[in-house]
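What the coordinates show
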Amino acid sequence: MAKNDELLHQEARSLASPSRIKYFDLVIAQGNGALLTDADGKEYIDLLASASSTNTGHCHPTVVQAITQQAQKLIQYTPAYFANPIAAKLSTRLTKLAPITRPVKLAWGNSGSDANDAIIKFARAYTGRQYIVTFTGAYHGSTYGSLTASGVSLNMTRKLGPLLPGIIKVPYPDPWQKAPHETTEQFVNRMFEAFKLPFETYLPPDEVACILIEPIQGDGGIIKAPTKYLQKVYEFAHEHKILFAVDEVNQGMGRTGKWWSIQQFGLEPDLMSVGKSLASGLPLSAVIGRAEIMEALKAPAHVFTTAGNPLTAAAALATIEVIEKEDLLHRSRKLGRSALTFFQQAQAKYDFIGDVRMYGLNGGIDIVDPKTKKPSTEIATKIIHRTFELGVIMISLRGNILRFQPPLVITTAQLDRAFTILDQVFSEEAAQKLRLPKNASELGW
Ligand SMILES: Cc1ncc(COP(=O)(O)O)c(C=O)c1O
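About the cut-offs
Residues numbered from 1 in each chain as written. Predicted model: local features only at pLDDT ≥ 70, side-chain atom pairs only at ≥ 80, totals over all residues. Heavy atoms only, no water. Pairing = 2+ DSSP bridges. Helix = DSSP H or I, 4+ residues; strand = E, 2+ residues; numbered from the N terminus. Patch = residues over 30% accessible without salt bridge, like charges linked within 9 Å, V, L, I, M, F, W, Y side chains within 5 Å. Areas by Shrake-Rupley, 256 points an atom, 1.4 Å probe, with all protein chains shown as cover. Salt bridge = Lys/Arg side-chain N within 4 Å of Asp/Glu carboxyl O. Lys, Arg positive; Asp, Glu negative; His and termini not counted. Charge placed at Lys NZ, Arg CZ, Asp CG, Glu CD. Near = heavy atom within 4 Å. Polar contact = N/O pair within 3.5 Å; in protein donor to acceptor, adjacent residues only side chain to side chain. Axes fitted to C-alpha atoms, helices over the stretch in contact; angles between N-to-C directions. Parallel < 35°, antiparallel > 145°, perpendicular 65-115°, else oblique. Left-handed = near helix turned anticlockwise from the far one by under 90°. Contact = heavy atoms within 4.5 Å. Nonpolar A, V, L, I, M, F, W, Y, C, P; charged D, E, K, R; others polar. Domains from an automatic or database assignment. Buried area = accessible area lost by both parts, 1.4 Å probe.

With that settled, consider the sheet that holds strand E3 (residues 43–46). With mixed pairing, the 4 strands of this open sheet are ordered in space as E1-E2-E3-E15. Because the sheet does not close on itself, it has two edges, and the strands there are strand E1 (28–32) and strand E15 (392–393). As judged from the 3 bridges shared by strand E2 (residues 35–38) and E3, these two strands associate in the antiparallel manner. By the bridge assignment for E3, Leu35 is matched with Ile45.

Following this line, the structure appears as structure tokens:
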């Protein structure tokens, strides 16, 4: 038995299945930049960046050095009781980077999920109001608060109720809701009417603490809300003294070509959550917000034993340094433009490629049935499996959307190689040469 298979077999005896979303039988042993090596020594180009949590690439030397040096000094002393120099430095750095007018403060967490719980906690405490408004298609995490705020997979709430009370969902203005005859303005107005409906019928605005949104949804399919729509929601929030909070866990840290995705809209949030690539994938998250909101709770309302520990803080400082020194924001935009060209050319050639969205090096590519133009999970699954066989890692979202989020340090040669392989796979699909894997029904979200 190959090493990959043997290890997976062994692990399956003890690992509970809800903690792994199945795609490929892969055991990752090593990483370097945008390259991965599996337990059998096979090399892959990574177009997933560990779910956008390694924007600076795998084992970036600057990050590795910072972690190694810090590990020799101090790995952990709980920030819940005492400060450490490196997290103190990081808190200044990160609050300055936040797109919020100062004074700004932050609180540490261990995951994107708890940072979104923190948004709920601080927003409720500051406003004295109970309701939180979130969007369909959102993924905010796996803790009770953040999964209640999410709306992208039935398996995330099935068997788990009662969920956190006081969370109301409104429809996200995704492109599939737009009628063919509608102009963008008509679409925005219609979606904004749908947004306001709860407020006009059963949800008193003066009892709503915050609106939490991914300005560009990640796991929902890499979808950008129309700017005009977000402006209207923002104005509505301000008019009713509702806090405007953004989830930057997936789309922050340079992913879209700016530090934060909300900067694509020119809006200033009251609160934001950050995680994933913040410490190049070490478990560190933060909720960042206007200082007066961040002072609305009293300790120990939001402490975690390991959150903001010296090791993760050292990784985060090094990550920020790499993004700046290597100008990864510019790189994300530049490579994103060539990726857009590649996928648009593929769209013109292959009738199973539907909508193509790209915001920085960050895209969602819809795979559709050529005849009906409806989402085709079957074709998308065949494509990602053949791509995997040929040494490129890319997964699907919502069944039929190709998720394209390579590390921002990917070289142009690696990207070109990935495009050559993708084009080969698309042409094999067009020639009806691709087969579904046997376990297709168990795969994905
Ligand atoms: C937008 C967004 N928010 C929150 C989370 C949850 O982060 P974590 O898995 O670190 O808890 C994710 C994870 O995919 C995410 O994409």
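In this section: a positive patch on the surface. A cluster of basic residues, Lys258, Arg333, Lys334 and Arg337, forms a positive patch at the surface. Note on placement: Arg337 falls in helix H11 (residues 328–349).

A cis amide bond links Arg102 with the next residue in sequence, Pro103, at an omega value of 10°. The residue Pro103 is located in the loop between helix H4 (85–97) and strand E4 (104–109) in this model. Residues Gly161 and Pro162 are joined by a peptide bond in cis, for which omega reads 0°. When you line up the elements, Pro162 lands in the loop between helix H6 (144–149) and strand E6 (167–170). Positive phi is not limited to glycine here, since Ala49 has a value of about 50°.

Now for the site of the ligand. Not every one of the 13 residues close to the ligand is listed here, only the nearest: Gly112, Ser113, Tyr139, Asp247 and Lys276. Contact between the ligand and Gly112: an oxygen atom at 2.9 Å from a main-chain N or O atom of the residue. Take Asn250: an N or O atom from its side chain is 3.3 Å from an oxygen atom of the ligand. Relative to its unbound accessible surface of 390 Å², the ligand loses 83% to contact with the protein. With 3 residues, the single largest contributor to the shell around the ligand is helix H5 (residues 112–127).

On to the packing of helix H7 (residues 184–201) against helix H8 (residues 227–239). Remark: H7 packs on H8, axes separated minimally by 9 Å, with the N-to-C direction vectors making an angle of 25°. Comparing their axes, H8 and H7 come out roughly parallel. The handedness of the crossing between H7 and H8 is right-handed. Contacts from Val188, Asn189, Met191, Phe192, Phe195, Lys196 and Phe199 of H7 reach H8 at Lys228, Tyr229, Lys232, Val233 and Phe236. Considering only residue class, the contact of H7 with H8 consists of 8 nonpolar, 1 polar and 3 charged.

How big an interface is tends to be expressed through the accessible area that disappears when the partners come together. Each domain of the protein was delimited in the assignment, giving domain 1 (3–46 + 333–355 + 384–403 + 416–442) and domain 2 (63–325). Taken over C-alpha atoms, the centre of domain 1 sits 28 Å from the centre of domain 2. Contacts between the two partners involve 6 residues from domain 1 and, on the opposite side, 12 residues from domain 2. Buried area between domain 1 and domain 2, both sides added, is near 700 Å², and the carbon and sulfur share of it is 48%. Of all residues in domain 1, the largest losses of buried area upon contact with domain 2 belong to Leu397, Arg398 and Arg403, amounting jointly to 64% of the total for that side. As a salt-bridge pair, Asp219 and Arg403 come within 3.1 Å of each other at their nearest N and O atoms.

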